[in-house]
Amino acid sequence: MCLCAKYLAQIVVMGVQVVGRAFARALQQEYAASQAAARARGRSGQQSAAVSSITGMSLQEAQQILNVSTLSPEEIQKSYEHLFKVNEKSVGGSLYLQSKVVRAKERLDEELNIQKQEQNQQSQQNPET
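Scoring rules and cut-offs
Residues numbered from 1 in each chain as written. Predicted model: local features only at pLDDT ≥ 70, side-chain atom pairs only at ≥ 80, totals over all residues. Heavy atoms only, no water. UniProt positions renumbered as here; feature names shortened; annotations may be inferred. Helix = DSSP H or I, 4+ residues; strand = E, 2+ residues; numbered from the N terminus. Buried < 20%, exposed > 50% of the residue type's maximum accessible area, 1.4 Å probe, protein only. Contact = heavy atoms within 4.5 Å. Areas by Shrake-Rupley, 256 points an atom, 1.4 Å probe, with all protein chains shown as cover. Salt bridge = Lys/Arg side-chain N within 4 Å of Asp/Glu carboxyl O. Axes fitted to C-alpha atoms, helices over the stretch in contact; angles between N-to-C directions. Parallel < 35°, antiparallel > 145°, perpendicular 65-115°, else oblique. Nonpolar A, V, L, I, M, F, W, Y, C, P; charged D, E, K, R; others polar. Patch = residues over 30% accessible without salt bridge, like charges linked within 9 Å, V, L, I, M, F, W, Y side chains within 5 Å. Arc of directions from axis to C-beta. Expected span 1.5 Å × (residues − 1).

As named in an unreviewed UniProt entry, the protein is Presequence translocase associated motor 16, taken from Poecilia reticulata. Under the heading Subcellular location (unreviewed entry), UniProt records this for the protein: "Mitochondrion inner membrane". UniProt annotates the protein under Sequence similarities (unreviewed entry) with the comment "Belongs to the TIM16/PAM16 family."

So, in structure tokens, the structure goes:
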């Protein structure tokens, strides 16, 4: 009976070690992937993250609120005007939703400004001859 408990304890310890190593390996891989993604985003990713923290809204959240899939100024403006109008208090809309629409448009406008600045910097660094 004592021998059986000893083997059972060894099996449990080995299982915990295997799971622990697998977990540590998965964490290392995830960390490496996040570092690679951060490098790929580069400076624009840092600016975008800064804007997200200031406005309190991520780019994805802003796109969802305005129901836009691309950062097209025309599409953003059209969606903004429609959602702002249907959420006016005078027509039974919600001031809260209307403010979310305004904040989403502000966030997307900031993202468009960041992209425009990057394009200007790239064109200055690589002038066409």
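Here the narrative resumes, following the displayed structure.
### Re the overall build of the protein
When helices and strands are tallied, the protein shows four helices and zero strands. In the protein, the order of α-helices and β-strands from amino to carboxyl end is α-α-α-α. Looking at the protein as a whole, 19% of its 129 residues are labelled buried. In the protein, once contacts between residues fewer than 6 apart in sequence are set aside, the share between residues at least 24 apart is 58%. Total accessible area on the protein is roughly 9,900 Å²; 57% of this is exposed by carbon and sulfur atoms.

### A look at the pattern of salt bridges
Applying the stated rule across the entire model yields four salt bridges. Here Lys-100 and Glu-61 are joined by a salt bridge, their closest N and O atoms 3.6 Å apart. Of the two residues, Lys-100 sits in helix α4 (residues 95-125) while Glu-61 sits in helix α2 (residues 59-66), which places them 39 residues apart along the sequence. Residue Glu-61 is classed as partly exposed on the basis of its relative accessible area of 27%. Here Glu-111 ties to Arg-107 by a salt bridge, and the two come within 2.9 Å at their closest N and O atoms.

### A short note on the packing of helix α3 (residues 73-86) against α4
Between α3 and α4, the least distance of the axes is 10 Å, while the angle of their chain directions is 170°. Taken together, the axes of α3 and α4 are roughly antiparallel relative to one another. Across the interface between the two elements, Pro-73, Ile-76, Gln-77, Tyr-80, Leu-83 and Phe-84 of α3 pack against Gln-98, Val-101, Val-102, Lys-105, Leu-108 and Leu-112 of α4. The residue makeup of the contact of α3 with α4, split by class, is nine nonpolar, two polar and one charged.

### Overview of a nonpolar patch on the surface
Taken together, the side chains of Leu-8, Val-12 and Val-16 present a nonpolar region at the surface, about 290 Å² in accessible area. Locating Val-16 in the fold gives a position in helix α1 (residues 2-55).

### So, α2
What sets the pattern is the α-helix's 3.6 residues per turn: residues three or four places apart point alike. Inspection of α2 places Leu-59, Ala-62, Gln-63 and Leu-66 among the buried residues, and these make up the whole buried set. All buried residues of α2 fall inside an arc of 100° around its axis, so they share one side. Of the residues in α2, the exposed ones pointing more than 90 degrees away from the buried face are Gln-60 and Gln-64. A positive phi of about 55° marks Asn-67, the residue just after α2.

### Some points on α3
Helix length check: α3 (14 residues) gives 20 Å between terminal C-alpha atoms against 20 Å at 1.5 Å per residue, within 8%. Among all positions of α3, only Ile-76, Ser-79 and Tyr-80 are buried. Along the axis of α3, the buried residues cluster in a sector spanning 105°; they form a single face. Summarising the geometry of α3, the exposed residues directed more than 90 degrees from the buried face are Glu-74, Lys-78, His-82 and Lys-85.

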